[in-house]
Amino acid sequence: MTSSALPASSLTWQTVIENGDNSHDTVTLDSSGNAVTVSGTVQGDWGNADNAINALVITGTHPVTLSGTGTLLVHGTVTANNHTIIDGMTTNVQSSISGGTITIQGGGTLIAQSVSSNIVFGQTTSGTSNTLQLNTSSASLTSVANLSPGDVIDFVGNTWDLPVRWQKKSDGTYTLLGKTGDTLIASVTFAKKSDGTSYTPEDFHAANTTVLYSGNPSQALTLESDESSYAPDNSGKVPDSGSSSQSFSLACFLPGSMIETSAGDIAVETLRRGDHLIAYVDGSPITRSIVWTGYQHVTVQPGLPDDEAGYPVRILKDAISDGVPYKDMLITPDHRLFFGAAFIPVRMLVNGRSIFYDRTISSYTYYHVETAEHSIIRADGVLTESYLDTGNRNSFVQDSKVVTIHAGVTCQEKEVPLSRTVDRQTAEVCFNLLRVRAETAGVPYKVNDVPLTDDVDLRLVTSKGQVIRSLRVLQDTHVFMIPPGVDSVKILTRTSRPCDVEGPFVDDRRHLGILVGSITFQGMKTTVPITDHLSADTTEGWSVQEQLPCRWTTGNAYLPLPLSTHCGILSIQVLASRQYEDVAKTSCGLSIRSA
């Protein structure tokens with residue numbers, strides 16, 4: 001490898017790229033004697049297309065700032081041994097980044113296969129975001145500091161880790177965990193608000209989005225702004241309502257949805273800023289101007305539950321009442337309909353007859369319109385809501401321009417005239433009214449029912465790959481023989497979601513296995529209690545922390561064991577289980593089960 005250090009305090013990108021072109025495999029920026037700033041347009045002697053170097057090493061003790069306009073392409077690795085600042089430009093690394101601390105500020109973008117450096121998000125201007133894009137599906141981050149709602153982190157290719165959850169650590173920082181228990185970010189601290197308080201996990205959420213990877217659209221898990229989760233009590237019963245994590249959380253219209261305007265009903269895809277909608281305040285129609293329209297294309301992710309996969313929901317003509325809707329309506333699962341005094345997500349009303357996931361649609365474009373105030377509007381004759389920015393505005397393209405917006409006013413900063421919180425009783429009443437109406441009208445089921453089973457299919461997989469079934473069950477305790485030399489096991493079970501088994505009106509979409517109480521390991525001479533699963537630090541395959549002393553698994557829970565040279569007896573107390581989909585007897589996707 002050949003390298004030539006560039007120690008000057010002020011450099012142009014033309015100089016840096018020329019250094020890389022002169023038979024040097026690696027460009028070295030040396031800040032041993034002073035801070036270094038690289039600025040200007042990112043291009044070499046041959047113009048805009050000459051923007052690449054083979055590898056980059058940053059040495060010394062002073063900061064190095066990479067600024068300017070354009071994109072620096074690094075074919076190999078970047079090694080940052082000090083403080084590196086990416087200010088307003090894009091750095092696209094085709095391999096890994098390691099060492100030091102990297103600050104992304106001024107609307108800068110860092111793209112890499114993996115990053116082990118500490119990440120800090122700095123200041124940016126209104127309307128632009130600092131973005132970190134990881135282009136390996138299994139990538140994770142060690143440390144992220146100063147995270148604010150204007151910052152975006154994309155985990156490209158990760159389509160399985162939703163919903164995410166936050167876990168607070170003893171030092172006051174947080175860990176971001178995926179659905180499977182994977183650590184996405186080991187340590188996160190949040191930026192300060194203008195009032196001196198810090199942002200919290202409640203200000204952020206994760207959702208599946210579409211981003212560019214090597215010039216092509218690709219699915220990503222994107223961290224933006226506001227997610228929460230909750231735990232059941234130790235009775236083993238899951239609460240009927242509360243916050244639930246969401247994978248496909250955008251609330252949007254599909255093309256052809258007819259929006260009521262001052263000029264009559266107009267297709268949503270043709271509306272633009274400045275057009276006038278009819279909004280309803282206390283039941284009376286008024287005119288409100290559109291301040292924003294957005295759209296995005298999505299590809300359904302088969303293999304997930306229908307709502308998480310992104311299948312649109314079809315509401316048949318006359319499903320709600322005669323002439324409502326006046327034609328079939330297609331919306332995304334989290335789009336809310338207005339009933340009486342509440343907005344209810346349509347996913348909580350799916351009955352499999354008149355309201356169902358349309359699995360014939362595998363990709364589509366969705367649209368939404370925003371008014372200055374969150375409004376009740378009418379689409380296809382149905383009362384529904386205008387767009388409310390909950391931090392997902394960056395998922396849309398604005399109007400007809402190919403510009404992605406990554407920041408904007410969130411619902412915490414806008415007055416919401418009506419509650420969007422739905423209790424089970426309200427949702428269940430509406431669900432049953434619409435179900436009975438469909439049954440009375442003779443509307444047939446559009447999906448096949450999925451058989452349920454009480455069999456949890458509990459088994460262990462040891463650290464050596466052995467599969468172990470229980471020797472016996474004593475009341476609520478399952479007893480397993482553990483071979484010598486095993487230092488951990490995975491507790492495997494079926495899983496189900498309360499919303500699938502009890503009914504879609506239950507706003508709980510967590511994947512739950514079994515509720516585990518006490519665990520003991522009996523060796524040759526002693527019996528040792530195991531309490532790792534009750535610790536907040538134990539996360540892989542475990543749901544959010546329960547009220548002690550119990551915790552739900554998510555179907556594949558990691559449990560460390562005392563290492564023994566002899567066989568041992570592992571006893572696991574199962575306080576509660578659920579009904580589960582009998583996958584072996586299921587020939588199609590998610591079913592709808594009505595009360």
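Residues numbered from 1 in each chain as written. Predicted model: local features only at pLDDT ≥ 70, side-chain atom pairs only at ≥ 80, totals over all residues. Heavy atoms only, no water.

Moving on, we get to the overall build of the chain. What the chain contains, in helices and strands, is four helices and 49 strands. Contacts spanning at least 24 positions in sequence make up 58% of the contacts within the chain whose residues lie at least 6 apart. Accessible surface computed for the chain: about 24,000 Å², of which carbon and sulfur atoms make up 50%. (Helix = DSSP H or I, 4+ residues; strand = E, 2+ residues; numbered from the N terminus. Contact = heavy atoms within 4.5 Å. Areas by Shrake-Rupley, 256 points an atom, 1.4 Å probe, with all protein chains shown as cover.)

Inspection of the entire model under this criterion finds 24 salt bridges. A salt bridge links Arg509 to Asp307, with the nearest nitrogen and oxygen atoms 2.7 Å apart. With Arg509 in the loop between helix H4 (498–501) and strand S44 (515–522) and Asp307 in helix H2 (residues 306–309), this pair connects stretches of sequence that are 202 residues apart. The two residues Arg509 and Asp307 agree in class, both being buried. Its salt-bridge partner being Asp507, residue Arg347 comes within 2.9 Å of it at the nearest N-O pair. Within this pair, whereas Arg347 is found in the loop between strand S32 (342–345) and strand S33 (355–357), its partner Asp507 is found in the loop between H4 and S44, the two being separated by 160 residues in sequence. In this structure, Arg347 and Asp507 share a single accessibility class: buried. When salt bridges that share partners are traced, they join Asp307, Glu308, Asp334, Arg347, Arg497, Asp500, Asp507 and Arg509 into one network. (Salt bridge = Lys/Arg side-chain N within 4 Å of Asp/Glu carboxyl O. Buried < 20%, exposed > 50% of the residue type's maximum accessible area, 1.4 Å probe, protein only.)

Okay, the sheet that holds strand S30 (residues 329–331) next. Reading across from one edge, S30-S29-S33 is the order of the three strands in this open sheet, with antiparallel pairing throughout. A single partner strand is all that each edge strand has here, and the edge strands are S30 and S33. Strand-to-strand, the axes of this sheet are offset by a mean angle of 25°, without reference to chain direction. (Pairing = 2+ DSSP bridges. Axes fitted to C-alpha atoms, helices over the stretch in contact; angles between N-to-C directions.)

To continue, consider helix H3 (residues 424–440). End to end, H3 covers 24 Å across 17 residues, agreeing with the expected 24 Å (1.5 Å per residue, within 8%). The set of residues buried in H3 consists of Arg424, Ala427, Cys430, Phe431, Leu434, Arg435 and Ala438. Down the axis of H3, the buried side of the element spans an arc of 140°, and every buried residue falls inside it. Turned more than 90 degrees from where H3 packs its buried face, Gln425, Leu433 and Thr440 sit exposed. (Expected span 1.5 Å × (residues − 1). Arc of directions from axis to C-beta.)

According to the stated counting rule, one finds eight aromatic pairs in the structure shown. The lysine or arginine in question, Arg353, covers the ring of Tyr445, its NZ or CZ lying 4.2 Å from the ring centre. (Phe/Tyr/Trp six-rings, centres within 6.5 Å; stacked < 30°, edge-to-face > 60°. Lys NZ or Arg CZ within 6 Å of the ring centre and 35° of its normal.)

If you trace the backbone, Arg551 turns up in strand S46 (residues 551–552). The exposure class assigned to Arg551 is buried, which follows from its relative accessible area of 0%. In this structure the side chain of Arg551 is engaged in a polar contact, spanning 3.1 Å, whose partner is the backbone oxygen of His533. Among the polar contacts made by the side chain of Arg551, one reaches the main-chain carbonyl oxygen of Ser543 at a distance of 2.8 Å. (Polar contact = N/O pair within 3.5 Å; in protein donor to acceptor, adjacent residues only side chain to side chain.)

What follows deals with the confidence of the model for the chain. Of the residues in the chain, 82% have a pLDDT of 70 or more, and the chain-wide mean is 82. Overall, residues 391–417 carries pLDDT values under 50, and its contacts beyond four positions in sequence, including any with other chains, amount to 84 contacts. (pLDDT = per-residue confidence, 0-100.)

Quick look at the pairing of strand S34 (residues 363–371) now. Of all the nine residues making up S34, eight are buried; the element is thus mostly covered by neighbouring parts of the structure. Note: strand S28 (residues 284–299) against S34, nine bridges, orientation antiparallel. For His297, the partnering residue across the bridge sits in S34 and is Thr365.

Our next topic: the sheet that holds strand S18 (residues 141–147). Within the open sheet, the 10 strands sit side by side as S2-S4-S7-S10-S13-S16-S18-S22-S21-S20. Their pairing is mixed. Among the strands making up the open sheet, the edge pair consists of strand S2 (10–12) and strand S20 (165–168). Averaged over all adjacent pairs, the angle separating strand axes in this sheet is 20°, with direction ignored. In the sheet, strand S7 (residues 64–67) pairs with strand S10 (residues 83–87) via four bridges, with the strands oriented parallel. Looking at the pairing, Ser67 lines up with Asp87 of S10.

With that out of the way, let us pick up the environment of Ser187. With respect to the helices and strands, Ser187 occurs in strand S22 (residues 183–190). In this structure Ser187 comes out as buried when scored by relative accessible area, which is 17%. Remark: the alpha-carbon pair of Ser187 and Asp171, spanning 16 residues in sequence, is separated by 9.9 Å. Among residues more than four places away in sequence, those in contact with Ser187 are Thr142, Ser143, Val144, Lys169, Thr173 and Tyr174.

Glancing now at unusual backbone geometry. Most peptide bonds take the trans configuration, and most residues that are not glycine carry a negative phi. Here Leu162 and Pro163 are connected by a cis peptide whose omega angle stands at 0°. Within the secondary structure, Pro163 is located in the loop between strand S19 (151–156) and S20. A cis geometry characterises the amide bond from Val324 onward to Pro325, with omega recorded as -10°. Looking at the secondary structure, you find Pro325 in the loop between strand S29 (313–315) and S30. Notably, Asp318 is not glycine yet its phi reads approximately 70°, a positive angle. As for its placement among the helices and strands, Asp318 is situated in the loop between S29 and S30. Since its relative accessible area comes to 26%, Asp318 is described here as partly exposed. At Asp457, a position not held by glycine, the phi torsion is positive, near 55°.

This brings us to the nonpolar core. By size, the foremost hydrophobic cluster in this structure holds 49 residues, and its most contacted members are Leu29, Leu132, Leu147, Ile153 and Ile185. If one sorts the elements of this core by residue count, S22 sits on top with four residues. When sequence neighbours within four positions are dropped, the list of residues in contact with Leu147 reads Phe121, Ile153, Trp166, Val188, Thr189, Phe190, Ala191, Tyr199, Phe204 and Leu223. Ranked by size, the runner-up nonpolar core spans 42 residues in total, among them Val268, Leu271, Val300 and Ala309. (Core = buried A, V, L, I, M, F, W, Y, C linked by side-chain atoms within 4.5 Å.)

Here we come to the environment of Thr189. Its place among the elements puts Thr189 in strand S22. When the C-alpha positions of Thr189 and Asn146 are compared, they lie 5.6 Å apart, and in sequence the two are 43 residues distant. The contacts of Thr189, once residues within four sequence positions are left out, are Val144, Ala145, Asn146, Leu147 and Thr173.

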